[in-house]
Amino acid sequence: MGDDELADLRRRRMEQLQRQTADQQAMDEELERQKQMESQIHMVLMEILEPEARERLNTIKLTRPEFAKAVEQQLVMLAQSGRIQKRITDDQLKELLRQLVPSKRDYKITRK
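It should be emphasised that the depicted structure is a prediction, and the values quoted were computed from it without experimental measurement.

S.K.: Summarise the pattern of salt bridges; cite the residues concerned and give the values.
M.R.: In the structure shown here, the tally under the stated rule is nine salt bridges. Linking E30 and R33 is a salt bridge whose minimum nitrogen-to-oxygen distance equals 2.7 Å. Placement of the pair is E30 and R33 together in helix α1 (residues 3-48), with a separation of three residues, close to one helical turn. A residue is classified by how much of its surface remains accessible, and E30, at 35% relative accessible area, is partly exposed. For R33, a relative accessible area of 44% corresponds to the partly exposed category. A salt bridge links K69 to E38; the nearest nitrogen and oxygen atoms lie 2.2 Å apart. Of this pair, K69 sits in helix α3 (residues 65-80) while E38 sits in helix α1, and the two are 31 residues apart along the sequence. By relative accessible area, K69 is classed as partly exposed at 30%. On the accessibility criterion, E38 (37% relative accessible area) is partly exposed. Salt bridges linked by common partners bring D8, R11, R12 and E15 together as one network.

S.K.: Describe the nonpolar core, and please don't skip the residues or the numbers.
M.R.: L45, L49, L57, L75 and L93 are the most contacted members of the largest nonpolar core, which totals 18 residues. If you list the elements that add at least two residues to this core, you get α1, α2 (51-63), α3 and α4 (90-100). Considering every element that reaches this core, the biggest residue donor is α3, with six residues. Those residues in contact with L57 that lie beyond four places of it in its chain are L45, L49, A68, V71, E72, L75 and L93.

S.K.: I'd like a description of the side chain of D90, backed by residues and values.
M.R.: Relative to the helices and strands, D90 resides in helix α4. For D90, a relative accessible area of 16% translates into the label buried. In this structure D90 touches E52, A53 and R56, once residues within four positions along its chain are discounted.

Procedures and definitions
- Residues numbered from 1 in each chain as written.
- Predicted model: local features only at pLDDT ≥ 70, side-chain atom pairs only at ≥ 80, totals over all residues.
- Heavy atoms only, no water.
- Salt bridge = Lys/Arg side-chain N within 4 Å of Asp/Glu carboxyl O.
- Helix = DSSP H or I, 4+ residues; strand = E, 2+ residues; numbered from the N terminus.
- Buried < 20%, exposed > 50% of the residue type's maximum accessible area, 1.4 Å probe, protein only.
- Core = buried A, V, L, I, M, F, W, Y, C linked by side-chain atoms within 4.5 Å.
- Contact = heavy atoms within 4.5 Å.

Shape descriptors only; they carry no functional weight alone.
And the structure:
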């Protein structure tokens, strides 16, 4: 292997390592942004939900994480827009959840 080939290999390897480092930094920054957003959402929910309602939302998060995430986002948007004047009780959260869950259709099959 000549000196030119060796230098070329070293240069390519350095470029590859630099790209990997940049990718890792970007992933770390994105993870940090997500953690910060989660923290902010948690703080807003602590302010606007009473303990029973927060507990209900956490239970929903265990069973249906995507739905709970959507509910959290809705609550945060309502709080930021000023539409929530006082803390949300468990009963109010139940009503909100009923409105957000699509109604199920009951099918009745009769055989002749």
